[in-house]
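Descriptive analysis of the structure
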Amino acid sequence: MPDLEAEDQKLVTLARSSRARIQAPEGAAVRDTDGRTYAAGTVDQPSFKLTALQAAVAAALSSGAEGIEAAAVVSEEGLLKGASVQAVRDIAKYAPIILAAPDGSVLEVLER
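Let me begin by describing the structure that accompanies this report. (Residues numbered from 1 in each chain as written. Predicted model: local features only at pLDDT ≥ 70, side-chain atom pairs only at ≥ 80, totals over all residues. Heavy atoms only, no water.)

1. Side note on the overall build of the protein
Here is the rule we go by: Only DSSP runs of H or I with at least four residues qualify as helices, and only runs of E with at least two residues qualify as strands; both kinds are numbered from the N terminus onward. To sort residues, take the accessible area from a 1.4 Å probe on protein chains only and compare it with the maximum for the residue type: under 20% means buried, over 50% means exposed, and anything in between is partly exposed. What makes two residues a contact is simply this: any of their non-hydrogen atoms within 4.5 Å. Accessible areas in this description were obtained via Shrake-Rupley with a 1.4 Å probe; residue shielding takes into account the shown protein chains only.
Within the protein, the secondary structure is distributed over three helices and seven strands. Seen along its three principal axes, the alpha-carbon backbone of the protein occupies a region of about 40 × 30 × 20 Å. Split into buried and exposed, the 112 residues of the protein put 45% on the buried side. In the protein, of all internal contacts separated by at least 6 residues, the share reaching a separation of at least 24 is 55%. For the protein, the accessible area works out to roughly 5,900 Å², and carbon and sulfur atoms hold 49% of it.

2. Quick notes on the packing of helix H2 (residues 52-62) against helix H3 (residues 82-89)
Here is the rule: Inter-axis angles, ranging from 0 to 180 degrees, are taken between N-to-C directions of lines fitted to C-alpha atoms, where helices are fitted over the stretch in contact. Throughout, the term roughly parallel applies to angles under 35 degrees, roughly antiparallel to angles over 145, roughly perpendicular to angles from 65 to 115, and oblique to all others. The crossing is said to be left-handed when, going from far helix to near helix, the turn is anticlockwise and less than a right angle, and right-handed when the turn is clockwise. Three categories are distinguished: nonpolar for Ala, Val, Leu, Ile, Met, Phe, Trp, Tyr, Cys and Pro, charged for Asp, Glu, Lys and Arg, and polar for the others, with Gly belonging to the last.
Running from amino to carboxyl end, H2 crosses H3 at an angle of 20 degrees, the nearest separation of the two axes being 8 Å. Of the possible angle classes, the one that applies to H2 and H3 is roughly parallel. Considering how the two elements wind past one another, H2 and H3 form a crossing that is left-handed. Every residue of H3 that contacts H2 at Leu53, Gln54 and Val57 is listed here: Ala83, Ser84, Ala87 and Val88. Taken together, the residues of the contact of H2 with H3 break down into five nonpolar, two polar and no charged.

3. Focus on the environment of Ala83
Examined against the element boundaries, Ala83 turns out to sit in helix H3. Taking the relative accessible area as the measure of exposure, Ala83 reaches 38% and is therefore partly exposed. Residues Ala83 and Thr51 lie 32 residues apart in sequence; the distance between their C-alpha atoms is 7.5 Å.

4. Some thoughts on unusual backbone geometry
Backbone geometry places Gln23, a non-glycine residue, at a positive phi of 55 degrees. Turning to its location among the elements, Gln23 is positioned in the loop between helix H1 (6-22) and strand E1 (26-32).

5. Topic: the nonpolar core
Applied cut-off: Remark: nonpolar core denotes a set of buried residues (Ala, Val, Leu, Ile, Met, Phe, Trp, Tyr, Cys) joined through side-chain atoms within 4.5 Å.
In terms of nonpolar packing, the biggest core is built from 23 residues, with Val30, Leu53, Ile68, Leu80, Val88 and Ile97 touching the most fellow members. The set of elements that each furnish at least two residues to this core consists of E1, strand E2 (37-41), H2, strand E5 (68-75), H3 and strand E6 (97-100). Tallying contributions element by element places H2 first for this core, with six residues. The next biggest cluster of nonpolar side chains, apart from the first, holds ten residues, and it includes Leu11, Val12, Ala29 and Ile98.

6. Examining the side chain of Ser75
Keep this limit in mind: Whenever two N or O atoms come within 3.5 Å, that pair is a polar contact, provided that in protein one can donate a hydrogen and the other can accept it, and provided that, for residues adjacent in sequence, both atoms are side-chain atoms.
Here Ser75 is to be found in strand E5. Among the polar contacts listed, one links the side chain of Ser75 to the backbone nitrogen of Glu77, at a separation of 3.0 Å. Ignoring sequence-local partners within four residues, the contact set of Ser75 consists of Pro25, Glu26, Leu99, Ala100, Ala101 and Pro102.

Fair warning: the whole summary comes from geometry, so function is off the table for now.
Given below as structure tokens:
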């Protein structure tokens, strides 16, 4: 299990909180290049669906973020969905994406 810097651990904590608050399968958080953070949970509506990370990236972009510095996903499935990874990679090719279990333990850090 990789050790995280404090700012990255904060993303995991925010993702866990988002997931727990709405009892979603996933929670996610991103930090933009200005240091602001955005958190979201899975969106599953009849007319559209977003992974938690897609929702967090959308929140960042709709708030004027110009880039993503890092992201975290907390998932009970223990895997990163391709759509989630692509949402970050569309904006930030090399931003780390942290995958954590619901208890906050880090499972993987995807660098590219």
